[in-house]
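Now for the letters of each chain:
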Amino acid sequence: MGIYELINFYVIPGLVLGSIYALGAVGITLVFGILRFAHLAHGDLATFGAFTALAVVATTGVNPWIALPVAMVICAALAVGIDKVFYDYLSERPKIITVMASLGIALMLRSLIQVIWGVDTETYTRGIVRPDNYWGFRIRDRELYTLLAMFAITGALWLFLQKTKWGKAMRAMSDNPDLALLSGVDNRLTTMLTWAIVGALCAASGFFLGLNTELKSMMGWTMLLPMFAAAILGGVGRVEGAVLGGLVVGVAEELSVLVLPSEYKAAMAFAILIVILLVRPTGLLKGKLL
Amino acid sequence: MKLAKILMAGALATTALTTAAMADVKVGLLGGISGPIAAMSPSMIAASKLAIAQVNAQGGVLGGQKLEAILGDSACNPQNGVDAATKLVNVEQIVGLIGPHCSGAVLAVANSVTIPAGVALITPSGTSPEITGLDDGDKVFRTVPSDDYQGRALARTLLAQGTKKVAVAYLNNDYGSGLAGAFKAEFTSKGGEVAGYAAHEEGKASYRSNLAELASGGADTLVIFDYGDGTGLTILRQSLENGFFENFVGGDGMKSEAIIKELGAENLTTFTSSSPVGEASDSNAKFTKAFTEAGGSADAIFATTSYDAAFLMALGVEIAGGDKAKVAAAIASASNGEGEKVEAGEWKKALELIKAGKAIDYQGASGSLDFNAKGDVPGSYALFKVDGDSFSVKTTMK
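Criteria and cut-off values
Residues numbered from 1 in each chain as written. Chains lettered and ligands numbered in written order. Predicted model: local features only at pLDDT ≥ 70, side-chain atom pairs only at ≥ 80, totals over all residues. Heavy atoms only, no water. Salt bridge = Lys/Arg side-chain N within 4 Å of Asp/Glu carboxyl O. Buried < 20%, exposed > 50% of the residue type's maximum accessible area, 1.4 Å probe, protein only. Helix = DSSP H or I, 4+ residues; strand = E, 2+ residues; numbered from the N terminus. Patch = residues over 30% accessible without salt bridge, like charges linked within 9 Å, V, L, I, M, F, W, Y side chains within 5 Å. Areas by Shrake-Rupley, 256 points an atom, 1.4 Å probe, with all protein chains shown as cover. Contact = heavy atoms within 4.5 Å. Buried area = accessible area lost by both parts, 1.4 Å probe. Polar contact = N/O pair within 3.5 Å; in protein donor to acceptor, adjacent residues only side chain to side chain. Nonpolar A, V, L, I, M, F, W, Y, C, P; charged D, E, K, R; others polar.

**Student:** How do you make sense of the pattern of salt bridges when you look at a structure like this?
**Tutor:** It is possible for side chains of opposite charge to pair when their charged atoms get near one another. Within the structure shown, the criterion is met by 26 salt bridges over all chains. Of the charged contacts in the structure, one is a salt bridge between A:Glu240 and A:Arg238, with a shortest N-O distance of 3.0 Å. A relative accessible area of 31% places A:Glu240 in the partly exposed class. In this structure A:Arg238 comes out as partly exposed when scored by relative accessible area, which is 29%. A salt bridge links B:Glu343 to B:Lys286; its shortest N-O distance comes to 2.6 Å. Of this pair, B:Glu343 sits in strand β11 (residues 340-343) while B:Lys286 sits in helix α10 (residues 282-293); the two residues are 57 residues apart in sequence, bridging distant segments of the chain.

Take a look at the structure:
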């Protein structure tokens, strides 16, 4: 097998897939780090974002890329709303209750999606797009944009967390919520801000998944495991770790076909998750211990 | 005193239950409403409901009671299928189950719900060869032929067309692996070469690496045994976009209008798909007329078999006198090639025959049916090509 074939059919799809995982994993890592629970509704929130973008495209006929920010805003509002109605109410209870509640939210969201948009497979644009040839590398525009947009979004988030007052408040709450509260950080507002960011990230990951494949009501749920694997691989609470983890999981899944029977591709994320928890529980970039 | 009270309450509850049961006779209708065959299931459910509506319009069952179909969603997977079937059997107390629609769901539901509960099951679309071998105490039927036959017929048809070398991508479930196994055995034994043969999991975003592996065998035809609303669509799209293969052949699961809608007919000129077809018959014409009037498309995949499954279930319930334990035997007797012929929609005639104690031989919309000892039926297939926004027959398959 030539180097071009390896890159075109294994590495590039892996990176695109990894970008989608990364966007989801960043959200998971934020919830894990700041609010300290595993958010199981993450995948279905992503599905909701993808379908919201579809609704914008279908009703106004605009380019899907214009629908993305709209979907991100709507999804952010939805995430804040879910927190206000459900998670906030449970915040004083043991965290496992919130985790289970998020599973319930996942089922509710999925049913809502099925009620509103039905259960048929949908796409943003009809037909097929053949890749362009760049000196032997076969890349589609949308794949390039997916990768660039992922770096742009996560880069902006990283800057926000490092440089702004609110970003610092979020990090403070991640380190020690009680101390942050004593230092004058408004935990309630910080939580809402976190959910808004998480919702927007979910919408973006769902959108890119839909853009690169199809939209199905189960699409987000099936992405949940690789996203969690990516978040834990990168180190919980570390944005740049989640990006790295996402890309590693994506590329590893695609490359696994070379050595494993293809039906075991889906088990790759499991394998990575187990190995990292055994060997280096803090993740590649030294995140929180779970 | 206390005991008497409890007994009385129990007696009251029983009466209440019996009165409720008097109003309706419930059968389960378990479809793949969500999941990878979502686009196919509305026509299938509509066809089954048409049969039930005709039964109710022509006198109902068991002396004027209404037959009621309780809908469930199997999502085309074993877990959801078992959940939904358990609810139908235990909570709704159905006397028979029409469905589920997917092979994996059929096997799981039969093994862990309907066979232990002694409830008869007729699937209109569970095609896996595995279903034939179920240790079912003669409680499991299907109105669609086994994929053992479809896989072999497809292999012979491809060889007759001059396609000698293919790669096979199949979904890693009971449907995909059953069909792929039958296809491969026949294709290689008749002199064809399978230059790539790999299963894939559902729901991944990229199958390009899988396709690259399959294409490395040098075949220019890809045979896909998957669902056209699910990963089959993703695989077909990525294969077309990257030019891994030139020709594409699908099993019955790929004959979904979703692929035409999403990929466009202009990109699918080299795509063909096999599918069971109803034999032209009076019964088929009657069904087509009634279903068209009800707003359905009689050409929709599994519409005829879904209608037949529901009609046979009604016959079974009537002949068994509503006794759940006898429904399965009654279904077997209602289409075994012996007795007075009853065609699609002729419920009144069936009622009179049953009343007179005569044997019935139901001639289905999909064919003569005639269950064998395993609850399987013979069938016929055709290879379809994309024609405008729909499929049309390219050649019949032998």
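So much for the structure itself; the text now carries on.
**Student:** Quick question: what am I supposed to make of a nonpolar patch on the surface here?
**Tutor:** On the surface, A:Leu258, A:Val259, A:Leu260 and A:Tyr264 cluster together into a nonpolar patch covering about 390 Å² of accessible area. Residue position: A:Leu260 is located in the loop between α10 (239-259) and α11 (268-279).

**Student:** Just checking my understanding: could you explain the interface of chain B and chain A for this structure?
**Tutor:** By a widely used convention, the size of an interface equals the accessible area lost when the partners come together. Between chain B and chain A, the residue contacts involve 41 residues of the former and 38 residues of the latter. Summing the contributions of chain B and of chain A, the shared interface buries around 3200 Å²; its carbon and sulfur component is 45%. On the chain B side of the contact with chain A, B:Lys204, B:Arg208 and B:Glu241 bury the most area, a combined 20% of that side's loss. Salt-bridge contacts for B:Arg237 lead to A:Glu214; the nearest nitrogen and oxygen are separated by 2.8 Å. Linking chain B with chain A are 24 residue pairs in polar contact (both at pLDDT 80 or more), by the criterion used here. Listing elements by their share of the side of chain B that touches chain A, those giving two or more residues are β7 (193-200), α7 (208-215), α8 (231-242) and α9 (257-263) of chain B. Sort the elements by how many residues they give to the side of chain B that touches chain A and α8(B) lands first, with eight residues. Split by residue class, the side of chain B that touches chain A holds 14 nonpolar, 16 polar and 11 charged.

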